[in-house]
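Residue strings, one per chain:
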Amino acid sequence: MFWHSNRLQDHRGISNAAPADAPLRSLPVAITQANSESEVVKTFNETRIHDYIGNLRFSISPTAFFQVNTLAAEKLYSLAGDWARLGPDTLLFDVCCGTGTIGLTLANRVGMVVGIEMNASAVSDAQRNAEINGIANCKFICAKAEDVMGSLLKEYLDTPQQQDEDSNSSANDEQQNEEADNGTISVDNKSDPQKCLKGESTEADHSHVSNKSTEDEQNSGRSSTVDGCSTMGPRFKNIVAIVDPPRSGLHPIVIKALRTHPRLRRYISCNPGTLVANAIELCTPSVERTEKGSNRGQGWRNMSNAGLARQRLKSMPKSEPFRPVKAMAVDLFPHTPHCELVMLLER
Ligand SMILES: C[S@@+](CC[C@H](N)C(=O)[O-])C[C@H]1O[C@@H](n2cnc3c(N)ncnc32)[C@H](O)[C@@H]1O
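All figures in this text were calculated on a predicted structure; none of them were measured in a lab.

Colleague: What is the right way to look at the packing of aromatic side chains in this model?
Modeller: Geometry of an aromatic ring pair is reported as the spacing of the ring centres plus the angle between the planes. Following the criterion strictly, the structure yields three aromatic pairs and no others. When the centroid spacing of 5.7 Å and the interplanar angle of 55 degrees are considered together, the rings of phenylalanine 58 and phenylalanine 66 count as tilted. Given the relative accessible area of 0%, phenylalanine 58 is considered buried. A relative accessible area of 14% means that phenylalanine 66 is categorised as buried. For the ring pair tyrosine 267 and phenylalanine 322, a centre distance of 6.2 Å and an interplane angle of 55 degrees mean the geometry is tilted. With tyrosine 267 in strand β12 (residues 264-269) and phenylalanine 322 in the loop between α12 (305-313) and β13 (323-330), this residue pair connects regions lying 55 residues apart in the sequence. Each member of the pair, tyrosine 267 as well as phenylalanine 322, carries the same accessibility label: buried.

Given below as structure tokens:
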């Protein structure tokens, strides 16, 4: 007998993507019993599906993103991992991690994975997927990447001394100003290290950090030690961000946080959509500051993403640029005009 589940998300509006909290309804499915001509109509209450990428099993909520072409997705993630030169001394940020696919498929090649995802169901899935597959060195954070990227980089990479220096730097001041302008939150850099170890959220209430048994991690030596999260910085030598954002791309605050943290040396994008615009901001050498706000009378609304990226560059704090190293298209959607693109930036 084949078991099916049909779920419909009820959303009335002009958007083509329903909000995550739109109600889900089960649709009756006609099934045919083996050795029988008759059809039975049933409604299944199973709200999740299961799929495999490589030898890992994934449990997926109805509102969570999951690549449909799992064989090609496996190749895409593995290619990203190869280019990132992963090893036990690697701390991997899986930005826009969905159900944890990239981080979990690469977890056995790195010291630690920190996944960031705004869809709470997907974050629960990621946590569950780590458990199903016996993976202990991944943490998943439920938040918008633009709200937490800067604070996470500080939390995981900076020594307390560096944090003090940073807090005096103009780059940090600017970021805080920008965060304030955008109504986002900044996390106290000197957050309680024990909180960090226990995987408790140091963010505002809407954020949620989940991690698999901290005890497991400490025993395996794959995560932080009793010294607290600030000791993790020196422990990891290769800091990599793999970003797989939606078509609208990464928020400029995330780009700025990644570009201005000097310890992040490799950036891999798995999404071609706004890659050009992001690469402009990540790879253009710092320029002397020009007057802010002069766009020579050009309307912001008519500007391309690349044009906007060039404008934002003018307020990018002085920082070492990345350089584009290589890119490869991966055809996840054969016979359609869409395809994914892996691109490696390094510095
Ligand atoms: C293209 S999917 C990639 C998911 C995952 N990496 C994978 O391959 O299965 C993009 C993901 O980004 C998440 N997302 C969108 N905007 C976000 C934001 N501002 N911060 C964090 N996650 C975001 C979406 O919920 C979605 O899960």
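Colleague: Help me understand the confidence of the model for the protein in this model?
Modeller: Parts of the model with low pLDDT should not have their predicted coordinates read in detail. When pLDDT is averaged along the protein, the result is 77, and 68% of the positions lie at 70 or above. Predicted confidence for residues 170-208 stays below pLDDT 50, and this span has 73 contacts to residues more than four positions away or in other chains. The low-confidence segment residues 211-230, where pLDDT is below 50, has 52 contacts with residues more than four positions distant or belonging to other chains.

Colleague: Looking at this structure, I do not really get the packing of helix α11 (residues 275-283) against α12. What am I missing?
Modeller: Packed helices, taken two at a time, are described by the angle their axes make and the gap between the axes. Relative to each other, α11 and α12 sit at 20 degrees, their axes nearing to 8 Å. For the element pair α11 / α12, the angle class is roughly parallel. Note that α11 runs across α12; the crossing there is right-handed. Packed against α11, whose contacting residues are Ala277, Ile280 and Glu281, the element α12 presents Asn305, Ala306, Ala309, Arg310, Arg312 and Leu313 at the interface. For the contact of α11 with α12, a count of residues per class yields five nonpolar, one polar and three charged.

Colleague: What exactly am I supposed to notice about the nonpolar core here?
Modeller: Where a protein is soluble and globular, its nonpolar side chains tend to be buried together. In terms of nonpolar packing, the biggest core is built from 40 residues, with Leu104, Phe140, Ile242, Ile268 and Val342 touching the most fellow members. Sorting the residues of this core by element identifies β6 (56-60), α1 (70-83), α2 (101-106), α3 (120-132), β9 (138-142), β11 (238-243) and β14 (340-346) as the ones contributing at least two each. Per-element tally for this core: the top contributor is α1, with seven residues. In this view, isoleucine 268 contacts Ala80, Trp83, Ala84, Ala241, Ile242, Val243, Val342, Met343 and Leu344; residues no more than four positions away in its chain are not counted. Ranked by size, the runner-up nonpolar core spans 32 residues in total, among them Val95, Met112, Ala145 and Leu282.

Conventions and cut-offs
- Residues numbered from 1 in each chain as written.
- Predicted model: local features only at pLDDT ≥ 70, side-chain atom pairs only at ≥ 80, totals over all residues.
- Heavy atoms only, no water.
- Phe/Tyr/Trp six-rings, centres within 6.5 Å; stacked < 30°, edge-to-face > 60°.
- Buried < 20%, exposed > 50% of the residue type's maximum accessible area, 1.4 Å probe, protein only.
- Helix = DSSP H or I, 4+ residues; strand = E, 2+ residues; numbered from the N terminus.
- pLDDT = per-residue confidence, 0-100.
- Contact = heavy atoms within 4.5 Å.
- Axes fitted to C-alpha atoms, helices over the stretch in contact; angles between N-to-C directions.
- Parallel < 35°, antiparallel > 145°, perpendicular 65-115°, else oblique.
- Left-handed = near helix turned anticlockwise from the far one by under 90°.
- Nonpolar A, V, L, I, M, F, W, Y, C, P; charged D, E, K, R; others polar.
- Core = buried A, V, L, I, M, F, W, Y, C linked by side-chain atoms within 4.5 Å.

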